[in-house]
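# Reading the structure
What follows is each chain in one-letter form.
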Amino acid sequence: SAVISQKPSRDICQRGTSLTIQCQVDSQVTMMFWYRQQPGQSLTLIATANQGSEATYESGFVIDKFPISRPNLTFSTLTVSNMSPEDSSIYLCSVRLAGAREQFFGPGTRLTVL
Amino acid sequence: AQSVTQLDSQVPVFEEAPVELRCNYSSSVSVYLFWYVQYPNQGLQLLLKYLSGSTLVKGINGFEAEFNKSQTSFHLRKPSVHISDTAEYFCAVSETRAQKLVFGQGTRLTINP
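It should be emphasised that the depicted structure is a prediction, and the values quoted were computed from it without experimental measurement. (Residues numbered from 1 in each chain as written. Chains lettered and ligands numbered in written order. Predicted model: local features only at pLDDT ≥ 70, side-chain atom pairs only at ≥ 80, totals over all residues. Heavy atoms only, no water.)

## Some words on the interface of chain A and chain B
Condition: Contact criterion: two residues are considered in contact whenever any of their non-hydrogen atoms come within 4.5 Å of each other. What counts as buried area is the accessible surface, traced by a 1.4 Å probe, that two parts surrender upon association, with contributions from both included. In the sections that follow, a salt bridge refers to a side-chain nitrogen of Lys or Arg positioned within 4 Å of a carboxyl oxygen of Asp or Glu.
Listed as interface residues are 18 residues of chain A and, on the opposing side, 22 residues of chain B. At the boundary of chain A with chain B, total buried surface from both sides reaches about 1,600 Å², with 50% on carbon and sulfur atoms. Considering only the surface of chain A that becomes buried against chain B, Ser42(A), Arg101(A) and Glu102(A) emerge as the three largest contributors, covering 35% of it. On inspection of chain A and its partner chain B, the count reaches two salt bridges. With its nearest N and O atoms 2.7 Å apart, the salt bridge here joins Lys100(B) to Glu58(A).

Right under this line is the structure:
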């Protein structure tokens, strides 16, 4: 398994501002992912964070709204830009270890936009 | 593309009773299957996984699941639940040649004393 930490754990933000969420893993991983979990809903994949190149976004998510960085094999950031109340969600980072098929999840960042 | 359907949004049971949480998937290719649990205000924890081999897989906390290819199901079971099992349970599928997981809508398991 892997130990994953996220910062911040929660935040309350004003409409129109941006928030950057950090994800740190205790070991080098091949795959890192970012998910959104809207209130009372399931998880939806936002993008796959690729080390050294642009992230791969899922349908309905764009780089201008959710820029992602992955400078190395243990760290990634997700920015939620120009926020609106509809962005209020839990954002989760997950990783997949080399040779494994399952993903391990961080504790999540609970975002509230006023 | 694959999809996952969790047939029950909420399942209330009494403590020490058995429980089954149902999951059906749709895919045109081979898949891997997973069950995750999310306790209140926490991230997701892997309960168990099916990759290949025996269709009955055992996980943590006394849970088990059975893969049924003909019925495209992967139901989760526990013979006797505890109050601490109260949580949201998610079934997920990944095509064997794909990177991403697709999640079901979740089942809220509530244990009554």
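## Let's talk about the packing of aromatic side chains
In this description, an aromatic ring pair is defined by two values, namely the gap between the centres and the angle between the planes. Definition in use: Aromatic pairing here means that ring centres of Phe, Tyr or Trp (its six-membered ring) are within 6.5 Å. Orientation follows from the plane angle: under 30 degrees is stacked, over 60 is edge-to-face, and everything else is tilted. Numbering of helices and strands runs from the N terminus, with a helix taken as a DSSP run of H or I at least four residues long and a strand as a DSSP run of E at least two residues long. Each residue is placed in one exposure class: buried if its accessible area under a 1.4 Å probe, protein chains only, is under 20% of its type's maximum, exposed if it is over 50%, and partly exposed if it falls in between.
In the structure shown here, the tally under the stated rule is twelve aromatic pairs over all chains. Considering the side-chain rings of Phe66(A) and Tyr91(A), the 6.5 Å spacing of their centres and the 45° angle between planes classify their relative orientation as tilted. On the criterion of sequence distance, the pair formed by Phe66(A) in the loop between strand S6 (56-57) and strand S7 (68-72) and Tyr91(A) in strand S9 (residues 89-96) is long-range, its members being 25 residues apart. Across the pair, Tyr91(A) and Phe66(A) agree in class, each one buried. Ring pairs connect the aromatic residues Tyr35(A), Phe105(A), Phe34(B), Tyr36(B), Phe90(B) and Phe103(B), which therefore count as one cluster.

## A short note on the state of the cysteines
Residues and elements named next belong to chain A. Note the following rule: The disulfide definition used here is simple: a pair of cysteine sulfur atoms within 2.5 Å.
Summed over the entire model, instances satisfying the criterion amount to two disulfides over all chains. Paired through a disulfide, cysteine 23 and cysteine 93 show a sulfur-sulfur distance of 1.8 Å. Given an S-S torsion of about -45°, the disulfide between cysteine 23 and cysteine 93 has left-handed geometry. Of this pair, cysteine 23 sits in strand S3 (residues 19-25) while cysteine 93 sits in strand S9, and the two are 70 residues apart along the sequence. Accessibility classification places cysteine 23 together with cysteine 93 in one group, the buried group.

## Thoughts on the layout of surface pockets
Our working rule: In this analysis the probe radius is 1.4 Å and the grid spacing 1 Å, with only protein atoms considered; a cavity is a set of points the probe fits into but cannot get out of, a pocket is an open set with protein on both sides within 12 Å along at least five of seven lines, and lining residues have an atom within 4 Å of a point. Grid points are joined across faces, edges and corners, and a volume is the space filled by probe spheres set on the points. Just so you know the grouping, Ala, Val, Leu, Ile, Met, Phe, Trp, Tyr, Cys and Pro go in nonpolar, Asp, Glu, Lys and Arg go in charged, and all remaining residues, Gly too, go in polar.
In this model, the largest pocket occupies a volume close to 470 Å³. Lining the largest pocket are 26 residues, and of these Gln37(A), Gly40(A), Gln38(B), Glu88(B) and Arg108(B) lie nearest its centre. Of all the secondary structure elements, the ones that give two or more residues to the lining of the largest pocket are S9 and strand S11 (109-113) of chain A together with strand S10 (87-95) and strand S12 (107-112) of chain B. Grouping the amino acids of the lining of the largest pocket by side-chain chemistry returns eight nonpolar, 15 polar and three charged. In this structure, the second largest pocket occupies an estimated 190 Å³ of space. Tyr25(B), Ser27(B), Ser28(B), Val29(B), Ser30(B), Val31(B), Tyr50(B), Leu51(B), Phe67(B), Lys69(B), Thr72(B) and Thr96(B) are the residues that line the second largest pocket.

## What about the pairing of strand S1 (residues 3-6) of chain B?
Two faces make up the sheet, and in a regular strand the side chains alternate between them. Residues and elements named next belong to chain B. Rules: Strand pairing is assigned whenever DSSP detects at least two bridges linking the two strands.
Covered by surrounding structure in S1 are Val4 and Gln6 only, the residues Ser3 and Thr5 on the alternate face being uncovered. Sheet topology note: the S1/strand S4 (residues 23-26) ladder contains four bridges and is antiparallel. Within S4, the residue paired with threonine 5 across the bridge is asparagine 24.

## Section: the environment of Gln51(A)
Residues and elements named next belong to chain A. The residue glutamine 51 is located in the loop between strand S5 (43-49) and S6 in this model. Given the relative accessible area of 40%, glutamine 51 is considered partly exposed. In this structure the C-alpha to C-alpha distance between glutamine 51 and valine 29, which are 22 residues apart in sequence, comes to 9.9 Å. Discounting chain neighbours no more than four positions away, the residues touching glutamine 51 are Arg70, Pro71, Asn72 and Leu73.

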